[in-house]
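Now for the letters of each chain:
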Amino acid sequence: RALPWCLAHGVLNSIFAIWTFGSSLFVLFLGELGLPKGQIGSLLSLFPFCGLLALGFAPVAARWGRKRVFLLGYGIRKPVMALLLLLPWVVCTAGRTTAVVFLSVVIAVFAVLRALAETAYYPWSQEFIPNHVRGKFAAWSAVLGLLASALALTVAGHVVANGTGLGRYLLLIGVGCAVGVVGVLVMVRIPGGEPMRDGAGLGTHFQGMRTALADRNFTVYLGGLAGLTVGTALMVAFLPLYLREECGLPAATVVRLDLMLMVGGGIASLGCGWLSDRVGSRPVLMPSVGLLVLLPVGWLLLPRHSAHLVVFAAALYFLYGMASNGVAIGAGRLLFNGVIPPGSNTAYTAVYYAWMGLTGGLAPLLAGGVLTLTSGTNLHGRNRYAVLFLASLPCLLLGWYLYGRVRADDRFSTRMVLRNFMSRITQR
């Protein structure tokens, strides 16, 4: 009965994320400020790097109450993000250097609050989402979130196309923060997450994390996660700037291309969620990762000077949406239904979230560093971004291999499902 409230939160939080930090808009906003790519990469890395706080904070969240921690962390971060509305005033009164410091502090505080809240959310979600509908719930959550994101991107594209300067981005940030506050309030109706007065101390918690790291199935899963996280970030972290600077697409068009990502993700999500609840996670995860591996090749072969450039770019965004949502549903279900023991979810999810933060933080730093280093060489324009696309390939292939080594959470293998699917097609 409570899951619809979580779905409503997903819809409202998707709008907040699109208009603030979670889409091409944020990268374009930082580019509008004139920040160098290395500095943009550093700011982007703050979000995942703060996930390392989960290593020590997870038992604290359990004692305070995971629901309470989530509501406070997600609730406070909205007014913190809204402080960016003061940016023009800071630029005028204190100068651009102070404004960049102000921006960095706001983003850092926001990232810390986000990490603390999500450290509490992961074990709480394992409590209130039943295993037998986890795939279906993830699918509906993805579809509704993607529809909301598509609407948000449509509005954002109109605002960016008809506005100028920082004001158009700040308008979206302000309205997005107001929507985000409502999104936090609806989570009050979700049960569970009560304080654990007899929760384990830090010593027991660290012992639990050592046990998690000794679990080979879990560490192989983390290896696959690292490969996909780094490979995907290398491919897409600076994609908006590549399309605007090297392909010549207007900023509004770049924002609207994200709509194709939403469409692809929406189409894939329902089918992947339905399938994963019936045949297991791996038959959904492995083909999705395989599709993801092909995408850097597509970006390398993108015809920059074609009259149909937007069509080709939209097709790649569409495929990325299908692949990334298939991976999210398959990998998420595999993690909570097969890899993490329910009785040890505090330690396991702390390690998982911290590892996700470490690898996710290194990737944009690495991408920004590559672009900065190549700026002083004879590589120019498109060739500099081609280095990123090429570097993403071995990372994605490593993730594909390691996910294939994780123990399946059902009796059906990927090959069995694909053979059955092909046999039905040929019989027709």
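Rules of the game
Residues numbered from 1 in each chain as written. Predicted model: local features only at pLDDT ≥ 70, side-chain atom pairs only at ≥ 80, totals over all residues. Heavy atoms only, no water. Core = buried A, V, L, I, M, F, W, Y, C linked by side-chain atoms within 4.5 Å. Buried < 20%, exposed > 50% of the residue type's maximum accessible area, 1.4 Å probe, protein only. Helix = DSSP H or I, 4+ residues; strand = E, 2+ residues; numbered from the N terminus. Contact = heavy atoms within 4.5 Å. Axes fitted to C-alpha atoms, helices over the stretch in contact; angles between N-to-C directions. Parallel < 35°, antiparallel > 145°, perpendicular 65-115°, else oblique. Left-handed = near helix turned anticlockwise from the far one by under 90°. Nonpolar A, V, L, I, M, F, W, Y, C, P; charged D, E, K, R; others polar. Phe/Tyr/Trp six-rings, centres within 6.5 Å; stacked < 30°, edge-to-face > 60°. Lys NZ or Arg CZ within 6 Å of the ring centre and 35° of its normal. Salt bridge = Lys/Arg side-chain N within 4 Å of Asp/Glu carboxyl O. Patch = residues over 30% accessible without salt bridge, like charges linked within 9 Å, V, L, I, M, F, W, Y side chains within 5 Å. Areas by Shrake-Rupley, 256 points an atom, 1.4 Å probe, with all protein chains shown as cover. Disulfide = S-S within 2.5 Å. Expected span 1.5 Å × (residues − 1).

**Details of the nonpolar core**
Counting 117 residues, the largest nonpolar core has Leu 103, Tyr 221, Leu 243, Trp 299 and Tyr 403 as the members making the most contacts within it. A total of 13 residues in this core trace back to one element, the largest contributor, which is helix α15 (residues 309-339). For Tyr 221, the residues in contact, after removing those within four places along its chain, are Ala 331, Gly 332, Leu 334, Leu 335, Val 339, Tyr 352, Tyr 403 and Val 406. Listed in part, the 14 residues of the second largest apolar core include Phe 70, Tyr 74, Trp 124 and Phe 128.

**Considerations on the packing of helix α1 (residues 3-19) against helix α5 (residues 66-82)**
The N-to-C vectors of α1 and α5 enclose an angle of 30°; their axes lie 13 Å apart at closest approach. Viewed along their axes, α1 and α5 adopt a mutual orientation that is roughly parallel. For the element pair α1 and α5, the recorded crossing hand is left-handed. Counting all contacts with α1, which are made through His 9, Asn 13 and Phe 16, the residues of α5 involved are Phe 70, Tyr 74, Arg 77 and Lys 78. Here the residues of the contact of α1 with α5 sort into three nonpolar, two polar and two charged.

**Describing the packing of aromatic side chains**
Counted according to the given criterion, the structure contains 25 aromatic pairs. With a centroid separation of 5.2 Å and 70° between ring planes, the pair formed by Trp 124 and Phe 128 is classed as edge-to-face. Here Phe 128 and Trp 124 lie together in helix α7 (residues 96-128), a separation of four residues that amounts to about one turn. On the basis of an interplanar angle of 65° and a centroid distance of 5.3 Å, the ring pair of Tyr 221 and Tyr 403 is categorised as edge-to-face. Here Tyr 221, found in helix α11 (residues 216-236), pairs with Tyr 403, found in helix α17 (residues 382-403); they are 182 residues apart in sequence, far enough to count as distant. An aromatic cluster of three or more residues is present, and its members are Phe 70, Tyr 74, Tyr 121, Tyr 122, Trp 124, Phe 128, Phe 336, Tyr 352 and Tyr 353. Directly above the aromatic system of Tyr 74 lies the positively charged group of Arg 77, at a separation of 3.8 Å from the ring centroid. Here the guanidinium or amino end of Lys 78 rests over the ring plane of Phe 16, the centre of that ring lying 4.7 Å away.

**Details of the pattern of salt bridges**
Using the criterion set out here, one finds five salt bridges in the structure. When the shortest N-O distance is used, the salt bridge between Glu 118 and Arg 114 registers 3.6 Å. Of this pair, Glu 118 and Arg 114 both sit in helix α7, four residues apart, which is roughly one turn of the helix. One exposure class covers both Glu 118 and Arg 114, and it is buried. Of the charged contacts in the structure, one is a salt bridge between Arg 333 and Asp 277, with a shortest N-O distance of 3.1 Å. Note that Arg 333 is positioned in helix α15 and Asp 277 in helix α13 (residues 251-279), a separation of 56 residues in sequence. Each member of the pair, Arg 333 together with Asp 277, is buried.

**Some remarks on a nonpolar patch on the surface**
Together, Leu 83, Leu 86 and Trp 89 make up an exposed nonpolar region whose accessible area comes to about 320 Å². As for its placement among the helices and strands, Trp 89 is situated in helix α6 (residues 87-94).

**Topic: the state of the cysteines**
Taken as a whole, this structure holds zero disulfides when the rule is applied. The closest cysteine sulfur to the non-disulfide-bonded Cys 50 is located on Cys 177, 17 Å from its own sulfur. For Cys 50, a relative accessible area of 12% translates into the label buried. Overall, the relative accessible area of 5% leaves Cys 177 in the buried class.

**Side note on α5**
With 17 residues, α5 should reach 24 Å at 1.5 Å per residue; the first-to-last C-alpha distance of 25 Å fits that figure. Among the residues of α5, those classed as buried are Arg 66, Lys 67, Val 69, Phe 70, Gly 73, Tyr 74, Arg 77, Lys 78, Val 80 and Met 81. Here the buried face of α5 lies against α1, α4 (54-64), α7, α9 (167-185) and α16 (345-374).

**Details of the packing of helix α3 (residues 37-49) against α16**
It is at 7 Å that the axes of α3 and α16 come closest, and there the two elements cross at 175°. As summarised for this structure, α3 and α16 are arranged roughly antiparallel, according to the angle between their axes. Residues Lys 37, Gly 38, Gly 41, Ser 42, Leu 44, Ser 45, Pro 48 and Phe 49 of α3 form the contact with α16, whose participating residues are Met 356, Gly 357, Leu 358, Gly 360, Gly 361, Leu 362, Pro 364, Leu 365, Gly 368, Leu 371 and Thr 372. Here the contact of α3 with α16 is built from residues that sort into nine nonpolar, nine polar and one charged.

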